[in-house]
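Below, each chain spelled out in residue letters.
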Amino acid sequence: EDKVVQSPLSLVVHEGDTVTLNCSYEVTNFRSLLWYKQEKKAPTFLFMLTSSGIEKKSGRLSSILDKKELFSILNITATQTGDSAIYLCAGTSYGKLTFGQGTILTVHP
Amino acid sequence: GAVVSQHPSRVICKSGTSVKIECRSLDFQATTMFWYRQFPKQSLMLMATSNEGSKATYEQGVEKDKFLINHASLTLSTLTVTSAHPEDSSFYICSALGTSQTDTQYFGPGTRLTVL
């Protein structure tokens, strides 16, 4: 059975801090690792990672995949209150997603 | 980016009634759509995979006679919760596979179902 585990499950920081969210996966016929941000409604897409060691960046967010260790991290630098959300990672196998439990990030002013 | 809509966004119904939720891909054709449910403070749980023109594939533990899925066109999938009960109250989210990045799913805004 495919499995994706995220850590920590929750994180509370202050504005300006840097955070690292972790995602480990065991997915048969693994194709890619996706990161999503979920606020009040449905998840919004952040990154898709398919190759090891290649960092993807979008503003203050960056992510990287280690296919040997079956692991990905999502970094957020200079956090803002608007970054408060649930961050979900998911492993894909032929279009099907297996989600982790999510990390609840709370950024205080 | 790809846009997926869901309707209704919120529904409140009495126990025993049936509720239909629509999921539409607005600017692309989606041969595959997915239905998830999410309980408070929990992650998304895949309920079923919906392929246009064929029967949906349900995940283990999901009753196919209770959660009827129809994917009649390349832009529309529907989920009908039949004879809803309070324990069916949840957040239901659909997603569609994008055409350019086939592993990326684009999510609808979700439907909050409350069964009284």
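Please refer to the structure higher up on the page.
Residues numbered from 1 in each chain as written. Chains lettered and ligands numbered in written order. Predicted model: local features only at pLDDT ≥ 70, side-chain atom pairs only at ≥ 80, totals over all residues. Heavy atoms only, no water.

Undergrad: An account of the interface of chain B and chain A is requested, with residue identities and associated values reported.
TA: Counting from both sides, the interface comprises 19 residues of chain B and, opposite them, 19 residues of chain A. Roughly 1600 Å² is buried in total at the junction of chain B and chain A, and carbon and sulfur atoms are behind 58% of that figure. Counting the contacts that link chain B with chain A gives one salt bridge. There are four residue pairs in polar contact (both at pLDDT 80 or more) connecting chain B and chain A. When grouped by side-chain class, the residues that make up the side of chain B that touches chain A number nine nonpolar, eight polar and two charged. (Contact = heavy atoms within 4.5 Å. Buried area = accessible area lost by both parts, 1.4 Å probe. Salt bridge = Lys/Arg side-chain N within 4 Å of Asp/Glu carboxyl O. Polar contact = N/O pair within 3.5 Å; in protein donor to acceptor, adjacent residues only side chain to side chain. Nonpolar A, V, L, I, M, F, W, Y, C, P; charged D, E, K, R; others polar.)

Undergrad: Which residues make up the nonpolar core, and what values go with them?
TA: Of all hydrophobic cores here, the largest spans 24 residues; its most connected members are Val4(B), Trp35(B), Leu79(B), Tyr92(B) and Leu113(B). Sorting the residues of this core by element identifies strand S2 (10-13), strand S3 (19-25), strand S4 (32-38), strand S5 (45-51), strand S7 (67-73), strand S8 (76-81), strand S9 (90-97) and strand S11 (111-115) of chain B as the ones contributing at least two each. In this view, Leu79(B) contacts Val19(B), Lys20(B), Ile21(B), Trp35(B), Phe67(B), Leu68(B), Ile69(B) and Tyr92(B); residues no more than four positions away in its chain are not counted. With 21 residues, the next largest nonpolar core counts Cys23(A), Val27(A), Leu49(A) and Ile76(A) among its residues. (Core = buried A, V, L, I, M, F, W, Y, C linked by side-chain atoms within 4.5 Å. Buried < 20%, exposed > 50% of the residue type's maximum accessible area, 1.4 Å probe, protein only. Helix = DSSP H or I, 4+ residues; strand = E, 2+ residues; numbered from the N terminus.)

Undergrad: Break down the state of the cysteines for me, with residues and values.
TA: All names here are of chain A. This structure, assessed with the given rule, holds two disulfides over all chains. Each sulfur in the disulfide pair Cys23 and Cys89 lies 2.0 Å from the other. Taking the sign of the S-S torsion, about 80° here, the bridge from Cys23 to Cys89 comes out right-handed. You can see Cys23 sitting in strand S3 (residues 19-26) and its partner Cys89 sitting in strand S9 (residues 85-93), a full 66 residues away along the chain. Both residues of the pair, Cys23 and Cys89, count as buried. (Disulfide = S-S within 2.5 Å.)

Undergrad: Before we move on, can you summarise the sheet that holds S8(B) with the specific residues and values?
TA: Strand pairing within a sheet occurs via backbone hydrogen bonds; the two strands may be parallel or antiparallel. Residues and elements named next belong to chain B. Strand order in the open sheet formed by four strands is S1-S3-S8-S7, and the pairing between neighbours is antiparallel. One side of each edge strand has no neighbouring strand; the edge strands of this open sheet are strand S1 (4-7) and S7. The average angle at which neighbouring strand axes cross in this sheet is 15°, direction not considered. Relative to S8, S3 runs antiparallel, the two sharing six bridges. Residue pairing for S8: Glu22 is matched across the bridge by Thr78. (Pairing = 2+ DSSP bridges. Axes fitted to C-alpha atoms, helices over the stretch in contact; angles between N-to-C directions.)

Undergrad: Tell me about the packing of aromatic side chains, residues and numbers included.
TA: For the coordinates displayed, the defined rule picks out 10 aromatic pairs over all chains. The interplanar angle of 15° and the centroid separation of 4.3 Å between the aromatic rings of Tyr25(A) and Phe30(A) together place this pair among those described as stacked. For the pair Phe67(B) and Tyr92(B), a centre-to-centre distance of 6.4 Å together with 40° between the ring planes defines the contact as tilted. Placement of the pair is Phe67(B) in strand S7 and Tyr92(B) in strand S9, with a sequence separation of 25 residues. Accessibility expressed as a relative area gives 0% for Tyr92(B), which makes it buried. Feature note: the residues Tyr36(A), Phe45(A), Phe99(A), Phe28(B), Tyr36(B), Tyr106(B) and Phe107(B) constitute an aromatic cluster, connected by ring pairs. The side chain of Lys66(B) reaches across the aromatic face of Phe67(B), ending 6.0 Å from its centre. (Phe/Tyr/Trp six-rings, centres within 6.5 Å; stacked < 30°, edge-to-face > 60°. Lys NZ or Arg CZ within 6 Å of the ring centre and 35° of its normal.)

Undergrad: Could you give an account of unusual backbone geometry, with specific residues and numbers?
TA: All names here are of chain A. In the segment running from Ser7 into Pro8, the intervening peptide bond is cis, with an omega of -10°. By the secondary structure assignment, Pro8 is in the loop between strand S1 (3-7) and strand S2 (10-14). Positive phi outside glycine occurs at Leu70, with the angle close to 55°. Within the fold, Leu70 resides in the loop between strand S7 (61-66) and strand S8 (71-76). Phi angles above zero are rare outside glycine, and Ala78 is one such case at about 45°. Its place among the elements puts Ala78 in the loop between S8 and S9.

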